[in-house]
Amino acid sequence: MIRKSVLPNGIRVLTEAMPQVVSASIGIWVENGSRYETRAENGVSHFIEHLLFKGTRKRTAAQIAEEIDAVGGVLNAFTGKEYTCYYAKVLGQDLGLATDVLADIFLESIFDPAEIDRERQVVLQEISQAEDTPDDYIGDLFTLRIWEGHPLALPIFGSVETVNSMNRELLTSFMAARYRAERVFIAAAGQVDHDALVRDCMRLFGRIEGNGRVETIAPPETHPGVLNQEKKLEQAHLCIGGPGISQSDPHRYASYVLNTALGGGMSSRLFQEVRERRGRVYSIYSFTSGFLDCGYLAIYAGTNPGWVEEVLEVTVKELAKVARDGLRPAELARAKSQLKGNMLLGMESTDSRMNRLARNEVYFRRDVPLDELAAGIDAVTNDQVVELASACFRRDLPEQRSRLRGRRRAEDLNGCREKPGIVLGCEFL
């Protein structure tokens, strides 16, 4: 049911037919994100994403929205560290319309200077909103510290300074250099005819040029340490973690299992120990972020400032246990079953299928069948979990010292070398 074609200019077209559904989701994916920006350009990919909805040579911004709304569809976009996506979800009978609208905004956007200035204020508000959302902002602080000096460390939105400095010339020149045929592909899932879509894409996207330039990227170096950001909040927000693995690493299945058992749900170790048994948090979870050549595994928690030390100590203790002993047999089996169930439940919509098609193309250049994923998960052993946890939360790191300021008193977190976490980010009053 999954097909892939390559247009003469190098643009790829991927589809997954789902005859049982009435909808279709389609996305134009560009293998470009904040990773490919310089410090001065930080945020330009995200700003471009906004501006492509602000008018083309034949459609105003209002007309773009009206055409998709008129058929009950959804039109949106998102920017990541390594890719950007412009997508629509419509009834299958309206897929041609959606493809045409997406092609129009992708190829014919006018970047009106007045719209640039207006949208600049929207992006600045988006930055302010992110900084007012502690569990999001703490993630940005974490990557700023762990990968300091590397483009992956910088926030996708950019900063107030970089966004204010962007002009039409920078935006259009960056897009011209990055939005090239070899970095662009179209993914669609649902009620879609592959051959008909290829013909439409050939007509609409066949004139995009490629430059044949080889992409040169280098993985970031990990910088151990503690970062404290004071902010007037009721809670202390913590993020502790260490280097993980890339999206295509052979150990990725062990990473999925480790993350699930450690903090991937209500039955996970951290949720049970820190919230259920001690009542010290409302929210605590682990998460992984994987990229082309690197990644990290981290834990987030929000707690009362007076409980910071206890939450940290309990979290570090659980990390040390997993790194030493791994998972109990029942725990290992439950994590595997949970992963496979979540995977299948996430495949029920056309937009999730389209996203899966695209991410597999970005990181594997092929489809990864669900059977292959399930087999990889089932094959994970406890020894592999221990090996991975030991590497992620190793102890042979330089001692780091920092002061975390609480509401009434200061706590010294000395001897980070004795804790398996590598980077700790905190923000609280």
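Being a predicted model, the structure only gives us computed values, none of them experimental.

A. Expanded view of the overall build of the protein. Looking only at helices and strands, one finds 15 helices and 13 strands in the protein. Computed over the C-alpha atoms, the radius of gyration of the protein is 23 Å, within 12% of the 22 Å expected from 2.2 N^0.38 for a compact globule of 429 residues. Considering only C-alpha atoms, the protein reaches an extent of 60 × 50 × 40 Å along its principal axes. When burial is assessed residue by residue, the protein has 54% of its 429 residues classed as buried. The contacts of the protein with a sequence gap of at least 6 include a subset with a gap of at least 24, amounting to 80%. By element, 50% of the accessible surface of the protein is carried by carbon and sulfur atoms, the whole surface being about 18900 Å². Of note, the protein has its 52 positive side-chain charges centred 4 Å away from the centre of its 60 negative side-chain charges.

B. Quick peek at the packing of helix α11 (residues 308-325) against helix α15 (residues 382-392). As a packed pair, α11 and α15 sit with axes 7 Å apart at the nearest point and diverge in direction by 130°. Between α11 and α15, the crossing angle belongs to the class labelled oblique. Viewed along their axes, α11 and α15 form a crossing whose handedness is left-handed. Taken together, the residues of α15 that come into contact with α11 (itself represented by Val 322, Ala 323, Arg 324 and Asp 325) are Asn 382, Val 385, Val 386, Ala 389 and Ser 390. A class-by-class count of the residues in the contact of α11 with α15 yields five nonpolar, two polar and two charged.

C. Spotlight on the layout of surface pockets. Empty space within the largest pocket amounts to approximately 820 Å³. If you go around the largest pocket, you meet 30 residues; those closest to its centre are Gln 247, Tyr 256, Met 343, Arg 359 and Leu 373. Elements with a contribution of two residues or more to the lining of the largest pocket: α9 (252-263), β9 (281-290), β10 (295-303), α12 (329-345), α13 (350-364), α14 (370-378) and α15. Sorting elements by how many residues they give to the lining of the largest pocket places α13 first, with six residues. Taken as a whole, the second largest pocket spans an internal volume of roughly 700 Å³. Taken together, 33 residues form the lining of the second largest pocket, with Lys 81, Asp 140, Ile 156, Ser 289 and Tyr 296 sitting closest to its centre. The residue makeup of the lining of the second largest pocket, split by class, is 14 nonpolar, eleven polar and eight charged.

D. The pattern of salt bridges, seen in detail. Applying the stated criterion across every chain yields a total of 33 salt bridges. Across the pair Arg 35 and Glu 82 runs a salt bridge whose closest N-O atoms are separated by 2.7 Å. Of the two residues, Arg 35 sits in the loop between β3 (23-30) and α1 (44-51) while Glu 82 sits in the loop between β4 (74-79) and β5 (84-91), which places them 47 residues apart along the sequence. Here Arg 35 falls in the buried class, since its relative accessible area comes to 5%. Measuring nitrogen to oxygen at the nearest pair gives 2.8 Å for the salt bridge that ties Glu 67 to Arg 59. Taking the relative accessible area as the measure of exposure, Glu 67 reaches 27% and is therefore partly exposed. Look at the salt bridges and you will find they share partners, linking Lys 4, Arg 12, Glu 31, Glu 361 and Arg 365 into a network.

E. Structural context of the sheet that holds β4. With mixed pairing, six strands are arranged side by side in an open sheet as β1-β2-β6-β3-β5-β4. Edge strands, defined here as strands with exactly one partner in the open sheet, are β1 (2-6) and β4. Put simply, the sheet's adjacent strands are angled 15° from each other on average, direction ignored. Both β3 and strand β6 (residues 184-190) contribute to a ladder of seven bridges, which runs antiparallel. Of the residues in β6, the one forming a bridge with Ile 28 is Ile 186. Across the sheet, α13 is in contact with β1, β2 (12-17), β3, β4, β5 and β6; its angle to β6 comes to roughly 145°.

F. Focus on the pairing of β6. Burial of β6 is extensive: seven of the seven residues sit out of reach of the surface. Here β6 shows a buried face lined by Val 184, Ile 186, Ala 188 and Gly 190 and a second buried face lined by Phe 185, Ala 187 and Ala 189. Alignment of β2 against β6, held across six bridges, turns out to be parallel. Following the sheet pairing, Ala 17 is matched in β6 by Gly 190.

G. Focus on α15. Residues Val 385, Val 386, Leu 388, Ala 389 and Cys 392 constitute the buried set of α15. In this structure, the buried side of α15 is in contact with β8 (236-243), α9, α11 and α12.

H. How the structure looks around unusual backbone geometry. Although it is not a glycine, Phe 111 adopts a positive phi angle of roughly 50°. Tracing the backbone shows Phe 111 in the loop between α3 (95-108) and α4 (113-131). Even without being glycine, Arg 365 reaches a positive phi, approximately 60°. Inspection of the secondary structure puts Arg 365 in the loop between α13 and α14.

I. Main features of the nonpolar core. Ranked by size, the top nonpolar core spans 49 residues in total, and within it Ile 26, Ile 48, Tyr 86, Phe 106, Leu 171 and Phe 205 carry the most contacts. At seven residues, the largest contribution of residues to this core is made by α3. Counting 40 residues, the second-largest nonpolar core is a separate cluster that includes Leu 270, Leu 312, Val 314 and Met 343.

J. Expanded view of the pairing of β5. Burial analysis of β5 places six of its eight residues in the buried class, the great majority of the element. Inspection of the sheet shows β3 paired to β5 by eight bridges, in the antiparallel sense. Of the residues in β5, the one forming a bridge with Ala 24 is Val 90. Sheet analysis places β4 next to β5, joined by six bridges and oriented antiparallel. Its bridge partner being in β5, Ala 77 is matched across the sheet by Tyr 86. Hairpin connection from β4 to β5: four residues lie between these consecutive antiparallel strands.

Cut-offs used in this document
Residues numbered from 1 in each chain as written. Predicted model: local features only at pLDDT ≥ 70, side-chain atom pairs only at ≥ 80, totals over all residues. Heavy atoms only, no water. Helix = DSSP H or I, 4+ residues; strand = E, 2+ residues; numbered from the N terminus. Rg over C-alpha atoms; globule rule 2.2 N^0.38 Å. Buried < 20%, exposed > 50% of the residue type's maximum accessible area, 1.4 Å probe, protein only. Contact = heavy atoms within 4.5 Å. Areas by Shrake-Rupley, 256 points an atom, 1.4 Å probe, with all protein chains shown as cover. Lys, Arg positive; Asp, Glu negative; His and termini not counted. Charge placed at Lys NZ, Arg CZ, Asp CG, Glu CD. Axes fitted to C-alpha atoms, helices over the stretch in contact; angles between N-to-C directions. Parallel < 35°, antiparallel > 145°, perpendicular 65-115°, else oblique. Left-handed = near helix turned anticlockwise from the far one by under 90°. Nonpolar A, V, L, I, M, F, W, Y, C, P; charged D, E, K, R; others polar. 1 Å grid on protein atoms, 1.4 Å probe; cavity = no way out; pocket = protein on both sides within 12 Å on 5 of 7 lines; lining within 4 Å. Points joined across faces, edges and corners; volume = space filled by probe spheres on them. Salt bridge = Lys/Arg side-chain N within 4 Å of Asp/Glu carboxyl O. Pairing = 2+ DSSP bridges. Core = buried A, V, L, I, M, F, W, Y, C linked by side-chain atoms within 4.5 Å.

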